[in-house]
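Here is how the chains run, residue by residue.
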Amino acid sequence: MPDPIDVTMVFGKITRGLFYFKHERLLGDVPLIARVLRPEHFDVLVDLVTELPVKIDVMGEEFEWAAVCPDENPDHGIWVYVIYGAVAIAVWTGDFITLGPFPVPEPTPVVITDSIRKSRPR
């Protein structure tokens, strides 16, 4: 199980970099929390992403991501990552940590399951 602090540090930096790539500005000075997702959490987030007009970005077969952020203030949102189609990680930013459509779960061990692998967009 990776330390939750390490997960937040690494995926916080990835989120800040992708935020700049997507919005052409730096992410505001907002808190970040990252979690490795259990399959049931991943399924809830996939439902959320598919219900909203969210674009899923794919960087090869190794890395897929989507950002659920309001257009009026994208500093607050949920960034969802799928690594090798098997491990799901989410990063909550700003107000979405406490007020978002999906609460931050407790840290959990890394679980690689078929439900995540089969949920990958093709």
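Definitions and cut-offs
Residues numbered from 1 in each chain as written. Predicted model: local features only at pLDDT ≥ 70, side-chain atom pairs only at ≥ 80, totals over all residues. Heavy atoms only, no water. Buried < 20%, exposed > 50% of the residue type's maximum accessible area, 1.4 Å probe, protein only. Helix = DSSP H or I, 4+ residues; strand = E, 2+ residues; numbered from the N terminus. Pairing = 2+ DSSP bridges. Salt bridge = Lys/Arg side-chain N within 4 Å of Asp/Glu carboxyl O.

A. Geometry of the pairing of strand 5 (residues 87-93). Most of strand 5 is tucked away, with 7 of its 7 residues classed as buried. Relative to strand 5, strand 1 (residues 32-36) is paired through 5 bridges, and the arrangement is antiparallel. For Ala34, the partnering residue across the bridge sits in strand 5 and is Val91. Sheet analysis places strand 4 (residues 77-83) next to strand 5, joined by 7 bridges and oriented antiparallel. Note that in strand 5 the partner of Tyr81 across the bridge is Ile89. In this structure, the hairpin formed by strand 4 and strand 5 is closed by a connection of 3 residues, where Tyr84 is found at a positive phi of approximately 55°.

B. Here's a closer look at the pattern of salt bridges. In total, this model carries 2 salt bridges according to the counting rule given. Asp75 is paired through a salt bridge with Arg25; the nearest N and O atoms lie 3.0 Å apart. Of this pair, Asp75 sits in the loop between strand 3 (63-68) and strand 4 while Arg25 is found in the loop between helix 1 (4-23) and strand 1, placing the two residues 50 residues apart along the sequence. Asp75 sits in the buried class, given a relative accessible area of 10%.

The values are spatial; any link to function lies outside them.
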